[in-house]
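Per-entry structural report
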Amino acid sequence: MPLLDSKTGKIRKEYDIKDLEKAAQEMRIYNMVSLCAAKSGHSGGTLSIMDIAAALYLHIARHDPENYTWENRDRIIWSVGHKAPSLYIALGMSGYFPVEGVATLRKFGSPFQGHPHWQKLPGVEISTGSLGQGLSSAVGMALAARLDKKDYKVFAIMGDGEQQEGQIWEAVMSAGHFKLDNVIGIIDRNRLQIDGWVKDVMNVEPLEDKYKAFGWEVFVANGHDMKEIVDTFNKALKVVGKPSVIIFETIKGKGVDFMEDIAGWHGKSPSCEEMNKAIAQIGLDNPEVVDTMFDIAKKFQEDADKKIAESMPKFKENYWWNSKEIMKVQMDPTRMGFGRLLKEKGNDERVVCLGADISGSITISEFYKSNPERKNRFLSIGIAEANMTCIAAGLAKEGKLPVIGTYGVFASMRNADQLRTTVAYGDLNVMIGGAHGGVSVGPDGATHQALEEISIIASIPNMLLSVPCDSIETYRATDHLLFNETHPKYLRFAREATPVVTTMKSPFVFGKANVIRFRGEKQDFKEAFEHILASEYKNENEDISIIACGPMVPEAMRASWILKKEFNIEARVLNVHTIKPLDIESIAKSASETGVVITAEEHQVGGFGNIIAGAILQSSISNTKPVKMGQIGVKDRFGESGAPWELIKMFECSAEHIVKMAKELLNK
């Protein structure tokens with residue numbers, strides 16, 4: 001059924017097959033421009049799903065763009081949340097908002113987040129991003145319709161690689177069990193995922209037989225033949241007594257020859273040159289649309305820049321990274337240290353690395369890239385974090401040194417029970433790489449920004465936890481944890497390039513903090529600081545302690561520079577790279593000797609800070625000397641899309657915010 005006026009029941013706009021084909025091509029152009037303007041996003045899958053999205057939103061689904069909460073509307077769930085641009089453009093083409101506005105995709109403050117958020121944008125039914133969850137939500141909505149005696153349909157859009165998640169099959173089983181004929185599953189079978197061909201990463205076929213075995217009606221159709229798409233949807237709508245699924249055969253990157261069937265275009269956006277080449281292939285009737293969208297993106301970014309600048313504490317000088325001719329710093333992602341260690345020291349036959357489809361992104365694939373003879377010790381588990389964790393437990397039980405890795409939100413939370421019960425309860429020697437920690441993950445948005453894992457992981461018995469400050473310290477922490485610790489261990493690291501502030505000669509003793517002191521401006525930022533093992537440090541009567549972990553350590557160092565230069569305030573920075581076991585003695589000593597403490601974490605505020613506060617309160621100094629304390633971190637909120645350093649500023653995790661809090665505490 002076409003777009004409706006929910007009040008009158010009249011058709012708002014009707015599309016025939018040719019109209020839908022033309023709309024799908026226009027949508028592909030909007031997609032290329034928005035991805036280019038965002039400088040990030042997912043090209044391949046958004047192109048493969050576009051014909052299906054056009055048919056579903058403009059012709060099949062019953063919905064009203066002027067009454068998006070209409071209770072009898074059909075619900076469309078995008079379990080494949082990374083294909084959000086296709087969803088946004090389909091909503092825009094339907095009339096929910098001017099479609100050109102999608103040019104602000106992934107920018108700070110935009111409703112068009114990297115992954116969909118239903119509270120930010122009309123027409124989005126539920127927030128998604130972590131694969132495998134959408135079909136279960138669709139089952140819940142379908143059950144609600146049955147309870148309320150409503151006749152709406154619930155469409156759930158999934159990927160074929162997503163079928164590797166175990167939760168998918170729990171949802172498939174429940175929909176079949178409840179005979180939910182108001183559920184229509186949609187699988188975009190483009191045959192590719194991040195790590196390569198689905199059949200090679202973790203084969204999910206035969207999907208038709210599997211769905212049939214759970215009591216579903218199954219259809220297979222060409223996802224790029226508009227008439228066949230529409231006809232198949234109409235057949236599925238008529239199924240009675242059981243759920244149905246349409247498996248659409250598609251081409252990843254459809255319509256752009258240099259993107260088609262290329263796994264590397266899964267999570268990549270086009271450059272301006274590539275965008276123009278893509279648009280020429282797709283065909284463009286209205287060339288002004290590109291300029292219009294870029295103008296919208298530029299104006300939106302200018303407004304965001306102004307807002308961000310106004311939010312920042314101001315000082316006499318600009319101390320931002322590499323903004324001066326002195327105090328220059330090299331930037332390198334902490335995740336690179338993880339990959340380099342696995343590359344350099346992976347010859348140990350006991351080491352087995354397990355990938356969860358984002359192997360290149362988190363650098364665990366460095367283990368075998370230059371050493372193909374190790375490929376038999378790299379196990380690709382696919383999009384199945386819980387399964388991966390328990391496989392690693394089995395390997396550890398048999399004497400291997402398994403290393404698993406994925407984004408921190410999945411590594412610590414999706415499989416928290418597996419970590420707790422199978423790994424930690426049995427005290428098995430499994431190493432977990434928790435990547436993409438903090439809001440500095442950037443434009444992917446809240447679903448992919450790990451902000452809770454310190455609290456979760458630190459609370460699990462037997463689990464070691466390290467949060468190194470830069471790529472060099474990450475290398476050293478990986479080395480120590482992998483080869484010198486036999487307990488379960490979790491290593492948290494970031495995605496964005498952050499300052500390198502240590503060297504291989506800097507003190508690094510697992511379980512022991514380091515004191516870092518500013519010694520005067522230098523040409524090289526890290527040369528302006530002295531690093532001393534905290535247990536060997538002699539009190540210099542500083543005014544304040546800044547106790548930090550991870551990439552917040554460089555921010556704490558920069559804060560100590562600002563405090564000295566602007567206010568002649570001496571700050572002792574404590575680098576707590578090991579959170580379990582915690583160096584309680586050094587923390588208590590620092591708090592006692594300065595009397596004022598700020599904790600700094602790129603995490604929900606208190607995850608690290610409350611651990612430090614507990615250590616101080618439990619020490620003998622709590623009975624002898626009062627300590628003023630403040631905490632820097634994300635203030636009980638989810639992240640959002642934006643450029644990494646924009647988010648560091650807006651979520652008050654920068655050195656400038658540390659300085660502001662320091663002044664407030666010292667002035668009390």
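Check the entry above for the structure.
What follows covers the overall build of the chain. A count of helical and extended segments in the chain gives 24 helices and 24 strands. On C-alpha atoms alone, the chain measures out to a radius of gyration of 26 Å, which is about the 26 Å that the 2.2 N^0.38 rule sets for 668 residues. Here the C-alpha coordinates of the chain stretch approximately 80 × 60 × 50 Å along the principal axes. Counting the 668 residues in the chain, one finds 61% classified as buried. Here the chain has roughly 25,100 Å² of accessible surface; of this, 51% comes from carbon and sulfur atoms. When the 79 positive and 87 negative side-chain charges of the chain are each reduced to one mean point, those points stand 3 Å apart.

Our focus in this paragraph is helix 3 (residues 50–60). Residue pairs spaced three or four apart in an α-helix point in one direction, given the helix's 3.6 residues per turn. Counted residue by residue, helix 3 has eleven buried out of eleven residues, so it is predominantly covered. Restricting attention to buried positions, one finds in helix 3 the residues M50, D51, I52, A53, A54, A55, L56, Y57, L58, H59 and I60.

Scanning the model with the defined rule gives 18 aromatic pairs in all. Over the ring of F567 we find K663; its NZ or CZ atom is 4.4 Å from the centre of that ring.

To continue, consider helix 4 (residues 84–94). With eleven of eleven residues buried, helix 4 is to be regarded as a mostly interior element. Taken together, the buried positions of helix 4 are A84, P85, S86, L87, Y88, I89, A90, L91, G92, M93 and S94. Lining the buried residues of helix 4 we find strand 1 (3–4), helix 1 (17–38), helix 2 (43–48), helix 3 and strand 3 (75–78). One or two steps after helix 4, the chain reaches G95, where phi turns positive at roughly 110°.

A word on the sheet that holds strand 5 (residues 183–189). Here we have five strands laid out as an open sheet, ordered 3-4-5-9-8, and parallel in their pairing. Both outer strands of the open sheet, strand 3 and strand 8 (217–222), are each paired with one neighbouring strand and no more. Put simply, the sheet's adjacent strands are angled 20° from each other on average, direction ignored. Summarising the sheet, strand 3 and strand 4 (residues 154–159) pair through four bridges and their orientation is parallel. In the sheet register, I76 faces strand 4, and the bridge partner there is F155.

When you tally the buried positions in strand 5, you get seven out of seven residues, the bulk of the element. The side-chain alternation of strand 5 yields two buried faces, one formed by V183, G185, I187 and R189 and the other by I184, I186 and D188. Note that strand 4 and strand 5 share six bridges and pair parallel. Directly across from M158, in strand 5, lies its bridge partner I187.

Once that is clear, we can look at the environment of S455. Topologically, S455 is positioned in helix 18 (residues 453–458). Taking the C-alpha atoms as reference, S455 lies 8.7 Å from I611; in sequence the two are 156 residues apart. Those residues within four positions of S455 in sequence are excluded, and the remaining contacts are H603 and G607.

Moving on, we get to the sheet that holds strand 11 (residues 351–355). Pairing in this open sheet of seven strands is mixed, and the strands run 12-11-13-14-16-15-22 from one edge to the other. Each edge of the open sheet carries a strand with a single partner, namely strand 12 (378–380) and strand 22 (578–580). This sheet shows a mean twist of 20° between the axes of neighbouring strands, independent of strand direction. Looking at chain direction, strand 14 (residues 431–435) and strand 16 (residues 489–492) are connected through four bridges and run parallel. Bridge pairing in strand 16 links G433 to L491. Along the sheet, helix 19 (residues 471–484) makes contact with strand 11, strand 13 (401–407), strand 14, strand 15 (464–466) and strand 16, crossing strand 16 at roughly 170°.

Let us now look at the state of the cysteines. If you walk through the whole model with that rule in mind, you get zero disulfides. Unpaired in terms of disulfides, C390 finds its nearest cysteine sulfur in C353, a separation of 18 Å. Looking at C390, the relative accessible area reads 29%, which means it is partly exposed. With no disulfide of its own, C549 lies closest to C469 among cysteine sulfurs, the gap being 10 Å. The class for C549 is buried, based on a relative accessible area of 3%.

Thresholds applied
- Residues numbered from 1 in each chain as written.
- Predicted model: local features only at pLDDT ≥ 70, side-chain atom pairs only at ≥ 80, totals over all residues.
- Heavy atoms only, no water.
- Helix = DSSP H or I, 4+ residues; strand = E, 2+ residues; numbered from the N terminus.
- Rg over C-alpha atoms; globule rule 2.2 N^0.38 Å.
- Buried < 20%, exposed > 50% of the residue type's maximum accessible area, 1.4 Å probe, protein only.
- Areas by Shrake-Rupley, 256 points an atom, 1.4 Å probe, with all protein chains shown as cover.
- Lys, Arg positive; Asp, Glu negative; His and termini not counted.
- Charge placed at Lys NZ, Arg CZ, Asp CG, Glu CD.
- Phe/Tyr/Trp six-rings, centres within 6.5 Å; stacked < 30°, edge-to-face > 60°.
- Lys NZ or Arg CZ within 6 Å of the ring centre and 35° of its normal.
- Contact = heavy atoms within 4.5 Å.
- Pairing = 2+ DSSP bridges.
- Axes fitted to C-alpha atoms, helices over the stretch in contact; angles between N-to-C directions.
- Disulfide = S-S within 2.5 Å.

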